[in-house]
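# Descriptive analysis of the structure
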Amino acid sequence: MEYFLQQLINGLALGSIYGLVAIGYTMVYGIIGMINFAHGDIFMVGAFIALIAFLILIAIGITAVPLALFLVLLIAMLLTSLYGWAVERIAYRPLRGSFRLAPLISAIGMSIVLQNYVQLAQGARVKTLPPLITGVHTLLDLGNRFVVQISNIQILIIVTTFALMTGFSWLVSSTSLGRDMRACEQDLKMAALLGVDTNRTISLTFLIGAALASVAGIMYLLYYGVIDFHIGFVAGVKAFTAAVLGGIGSLPGAMLGGLLIGLIETYWSAYFSVQYKDVAAFSILIIVLIFMPTGILGRPEVEKV
Amino acid sequence: MKSARLVGLFAAATLLAAGTSANAQITVGVAGPMSGQYASFGEQLKNGATLALEDLNAAGGVNGQQLKLSVGDDACDPKQARATADRLAGQRVPVVFGHFCSSSSIPASEAYAEGNVLQISPASTNPTFTERKLWNTFRVCGRDDQQGSLAGKYLAANFKDKKIAILDDKSTYGAGLANETKKALNAAGVTEAMKESYTQGDKDFTALVSRMKAAGIDVVFIGGYHTESGLILRQMRDQGMKTLLMAGDALADKQFAQITGALSEGVLMTFGSDPRNRPAAAEIVKKFKAKGIDPEGYTLYTYAAVQVWAQAVTQIKSTDPKKVAAAMKAGKWQTVLGEISFDAKGDITVTDYVMYQWKADGTYAELK
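Residues numbered from 1 in each chain as written. Chains lettered and ligands numbered in written order. Predicted model: local features only at pLDDT ≥ 70, side-chain atom pairs only at ≥ 80, totals over all residues. Heavy atoms only, no water.

## Quick look at the state of the cysteines
Residues and elements named next belong to chain B. As a reminder, the rule being used: Here, two cysteine sulfur atoms that lie within 2.5 Å of each other are counted as a disulfide. Accessible area is worked out with a 1.4 Å probe on protein chains only. A residue is then buried under 20% of its type maximum, exposed over 50%, and partly exposed in between.
A full pass over the atoms with the stated rule returns one disulfide over all chains. Free of any disulfide, Cys 141 has its nearest cysteine sulfur in Cys 101, 12 Å distant. The exposure class of Cys 141 is buried, given its relative accessible area of 3%.

## Brief notes about the nonpolar core
To keep it simple, the criterion reads: Buried Ala, Val, Leu, Ile, Met, Phe, Trp, Tyr and Cys residues form a nonpolar core when they are joined through side-chain atoms within 4.5 Å. In this text, helices come from DSSP runs of H or I with a minimum length of four residues, and strands from runs of E with a minimum of two, each type numbered from the N-terminal end. Each domain's extent is set by a domain assignment, obtained either automatically or from a database. In what follows, a contact means two residues having at least one pair of non-hydrogen atoms within 4.5 Å.
In terms of nonpolar packing, the biggest core is built from 182 residues, with Met 212, Trp 309 and Met 328 of chain B touching the most fellow members. Looking at which element gives the most residues to this core, the answer is helix α8 (residues 198-224) of chain A, with 15 residues. The residue makeup of this core includes at least three contributed by each of domain 1 (8-141 + 277-340) and domain 2 (145-273 + 353-366) of chain B. Apart from the residues within four sequence positions on either side, Met 328 of chain B is in contact with Leu 118, Ile 120, Phe 138, Val 308, Ala 312, Trp 333 and Phe 342 of chain B. One finds Ala 31, Ala 85, Ala 89 and Tyr 112 of chain B within the second-largest nonpolar core, a separate group that totals 10 residues.

## Comments concerning the domain arrangement of chain B
Residues and elements named next belong to chain B. Note the following rule: The buried area of a pairing is the accessible area, by a 1.4 Å probe, that goes missing from both parts when the two are put together, added over both. Each salt bridge in this description consists of a side-chain nitrogen of Lys or Arg and a carboxyl oxygen of Asp or Glu lying within 4 Å of one another. Here a polar contact is recorded for every N or O atom pair within 3.5 Å, except that within protein the pair must consist of a potential hydrogen donor and a potential acceptor, and residues adjacent in sequence are included only if both atoms are side-chain atoms.
Under the domain assignment, chain B is made up of domain 1 (8-141 + 277-340) and domain 2 (145-273 + 353-366). Relative placement of domain 1 and domain 2: their C-alpha centres are 30 Å apart. Opposite the 21 residues of domain 1 that make contact, domain 2 presents 24 residues. Together, the buried faces of domain 1 and domain 2 total about 1700 Å²; carbon and sulfur atoms form 45% of this surface. Counting every contact that joins domain 1 to domain 2 gives two salt bridges. Taking the shortest distance from any N to any O, the salt bridge between Lys 254 and Glu 296 comes out at 3.9 Å. Linking domain 1 to domain 2 there are 10 residue pairs in polar contact (both at pLDDT 80 or more).

## Points about the pattern of salt bridges
Residue and element names in this part refer to chain B. Across all of its chains, the model carries 27 salt bridges over all chains by this definition. Between Asp 86 and Arg 82 there is a salt bridge, with the nearest N and O atoms lying 3.7 Å from each other. Of this pair, Asp 86 and Arg 82 both sit in helix α3 (residues 78-90), four residues apart, which is roughly one turn of the helix. With a relative accessible area of 38%, Asp 86 lands in the partly exposed category. Residues participating in the shared-partner salt-bridge network are Glu 131, Arg 139, Arg 143, Asp 145, Lys 345 and Asp 347.

## A closer look at α3 of chain B
Residue and element names in this part refer to chain B. The condition is simple: Expected helix span is given by 1.5 Å per residue-to-residue step, counting one fewer step than there are residues. Each direction from the helix axis to a C-beta atom contributes to the arc, which is the arc of those directions.
Across its 13 residues, α3 extends 18 Å between first and last C-alpha, which sits within 8% of the 18 Å expected from 1.5 Å per residue. Along α3, the residues classified as buried are Ala 81, Thr 84, Ala 85, Leu 88 and Ala 89. Down the axis of α3, the buried side of the element spans an arc of 135°, and every buried residue falls inside it. In α3, the exposed residues that point more than 90 degrees away from the buried face are Lys 79 and Gly 90. Of the surrounding secondary structure, the elements contacted by the buried residues of α3 are β1 (25-32), β2 (66-73), β3 (95-97) and α4 (102-114). Among the residues trailing α3, Arg 92 stands out with phi positive, at a value near 60°.

## Here's the deal with the sheet that holds β3 of chain B
Residues and elements named next belong to chain B. The condition is simple: Note: two strands are recorded as paired if DSSP finds a minimum of 2 bridges between them. Every axis corresponds to a line fitted to the C-alpha atoms, with the helix fit spanning only the stretch in contact, and the corresponding angles, defined between N-to-C directions, vary from 0 to 180 degrees.
Pairing in this open sheet of five strands is parallel, and the strands run β2-β1-β3-β4-β5 from one edge to the other. Both edges of this open sheet fall to β2 and β5 (137-139), since each of them pairs with a single strand only. Between one strand axis and the next, the sheet turns by 25° as a mean value, whatever way the strands run. When β1 meets β2, the two strands line up parallel, connected through eight bridges. Its bridge partner lying in β2, Gly 32 is registered against Asp 73. The strands touched by α3 are β1, β2 and β3; relative to β2, the strand with the most contacts, the crossing angle is about 155°.

## Considerations on the environment of Met 241 of chain B
Residues and elements named next belong to chain B. Position of Met 241 among the secondary structure elements: in the loop between α9 (226-238) and β9 (244-247). Each C-alpha atom of the pair Met 241 and Trp 309 lies 47 Å from the other, and the pair is 68 residues apart in sequence. Discounting residues that sit within four places of it in the chain, Met 241 has contacts with Val 209, Met 212, Lys 213, Ile 217 and Met 236.

## A few points about the packing of helix α2 (residues 39-59) of chain A against helix α4 (residues 101-122) of chain A
For any two helices packed against each other, the geometry is given by the interaxial angle and the distance between the axes. Residue and element names in this part refer to chain A. Keep this limit in mind: Here is the rule for angles: anything less than 35 degrees is roughly parallel, anything more than 145 is roughly antiparallel, 65 through 115 is roughly perpendicular, and the remaining ranges are oblique. Note on convention: near helix rotated counterclockwise from far helix by under a right angle means a left-handed crossing. Clockwise means right-handed.
Between α2 and α4, whose axes approach to 9 Å, the crossing angle comes to 25°. Overall, the two elements α2 and α4 adopt an arrangement that is roughly parallel. In terms of crossing hand, the pair formed by α2 and α4 is left-handed. Seen from α2, the contacting residues are Asp 41, Ile 42, Met 44, Val 45, Phe 48 and Ile 52; seen from α4, they are Ser 111, Leu 114, Gln 115, Val 118 and Gln 122.

## Some remarks on the side chain of Ser 104 of chain B
Residues and elements named next belong to chain B. The residue Ser 104 is located in helix α4 in this model. For Ser 104, a relative accessible area of 0% translates into the label buried. Sequence-distant contacts of Ser 104, that is, excluding residues within four places in its chain, are made with Asp 74, Cys 76, Asp 77, Pro 78, Ala 81 and His 99.

## Details of the confidence of the model for chain B
All names here are of chain B. How we decide: Each residue carries a pLDDT score, the predictor's own confidence in it, on a scale running from 0 to 100.
Overall, the prediction assigns chain B a mean pLDDT of 88, with 94% of residues at 70 or greater. pLDDT under 50 marks residues 9-22. Its contacts with residues more than four places away, or in other chains, come to zero contacts. Here the predicted complex scores 0.83 on pTM and 0.86 on ipTM.

## Focus on the interface of chain B and chain A
Contacts between chain B and chain A engage 33 residues on the former and 35 residues on the latter. Roughly 2800 Å² of surface becomes buried between chain B and chain A when both sides are summed, with 50% attributable to carbon and sulfur atoms. The largest per-residue losses of area from chain B upon contact with chain A belong to Lys 203, Arg 211 and Arg 234 of chain B, which jointly make up 20% of the total buried on that side. Summed over the shared surface of chain B and chain A, the number is two salt bridges. Notably, a salt bridge pairs Asp 202 of chain B with Lys 277 of chain A, separated by 3.1 Å at the nearest N-O pair. On inspection of chain B and its partner chain A, the count reaches 15 residue pairs in polar contact (both at pLDDT 80 or more). Mapped by element, the contributors of at least two residues to the side of chain B that touches chain A are α2 (39-58), β7 (194-197), α8 (206-214), α9 and α10 (254-260) of chain B. With seven residues, α8 of chain B is the largest single contributor of residues to the side of chain B that touches chain A.

What follows is the structure, given as structure tokens:
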């Protein structure tokens, strides 16, 4: 029981990070129907910007962790969302009217460009950040030797993710920007005819997606303390899987998918074998897609007339 | 624009001229993970080879010819290693110092054997590397069966009644070392409480760590590289585990301490007795330090590999790889590691793996 609970905490923290990245995939897919393969690398760029910001803050003497964290959050979200915006402006907008595969190829290219750019600019070696947020709380101690613990960083990750998720759902459902986004999702051309500034809406979607990815990048950096130019690839694949599992295009689906992937990996490692955790996660994805081709919370595609 | 092009032409012309006038030049290869997550080890190899060549060239080269270095990057990826090997063999280099990862050295050695290239690995410890009866494979480091035997015996002697876990990263090196360690441990009458594998490049080990916590593991032996070992250590401490970490020679890099911070205190590691402390190395270590390089890990091993080759070439007055290989197996060579000789397989005849302990300040010292 204690063991199960401990693994639940591990899985939730891991799944939250996947979920935050997955939102970026699902939003872009929802609004323009393309998979933004560069999103995982935007996440990686966010982690690097956060690391550089942390090191600069430490160098100029700001070492109070809450203040530093707040500033890093601001800097990283701002700069990373600029990357997100630039990627859309440079690689996707010029291709918007063209055939469906063009922006997809462009996205893969963008992913390679970002990876190589960071590798050249920052070097190929792993970059490390010493643990900043330490401390653990004992949740449950039944007297036997296994004590259920949750660390402050795990709490931070889970709380931040749920807060952002709630805030973002509110943005989509109750603001005028959210209404524009939903309009673009339903029919881009019709939305434009009715006076929605589609270019602006799509740009903002990319900005927000990148900002969320940068938050995931910060969490990743704080949690694991080690990043390199290649982390975006694995995280991107997992998050994309999460988005598909939850139902691509659906926001709660992305979050659910992320948590599910995190939990499957964790529980499989916990009760079966660590070696086969990726096999387990992807097998479940395949099984779900066979029986629910649109994912768990995805709506069936309606033929647009 | 035009002038720029002219300058380019001029530069190309001078380069060509330099190429022809210095035809008394030998290009040798160094290969390892120059990029990717094990790039810090590639750097060790490159540093060692670069300084060795500089020193040789300053002393007049070998047989009157200057040496030039061609660097190959395998990113510790077997496929890329084979491609790198083909490229170096295509350049007709007589010898390659490398690779680092056993999983790269083994496929590369076949390409070198076909391309008539001698291969001296400073760091690949998997036994298979020299066990395939290839004419061209040498190494100046020990083997994992020796290393694993030390680790296994140490575990059995010191942690007999403790719970021991053995982990590996499924790589040629990691799984090989973990299996050798397990063999030695079981031969000493101790059985491990857990044996698991993880995937290279993973960052999240929380599930594995909780599992070890539930099993009450006291000591964990990892056959794997420093990035994953460092993260496992960090996540064990995060979950309040005081488990002792023990690993092989792939921990011998400062980056391990960067990942773990002060948590590295007490970590055990098997590695050849520190070449930096050997009397033969004192002067070379000073030279490295003057350049701002700490010749840690496999830096001096690479330097020694170059020395052996250069001495053998000088002795037989030829760079013909097959002849050099025969000479290397026959002779005794004075290197920065001390005197080295090779057996018929290309392994060094004397190896002295010892146990090291990391300190909180990110250095390691022999455990006495």
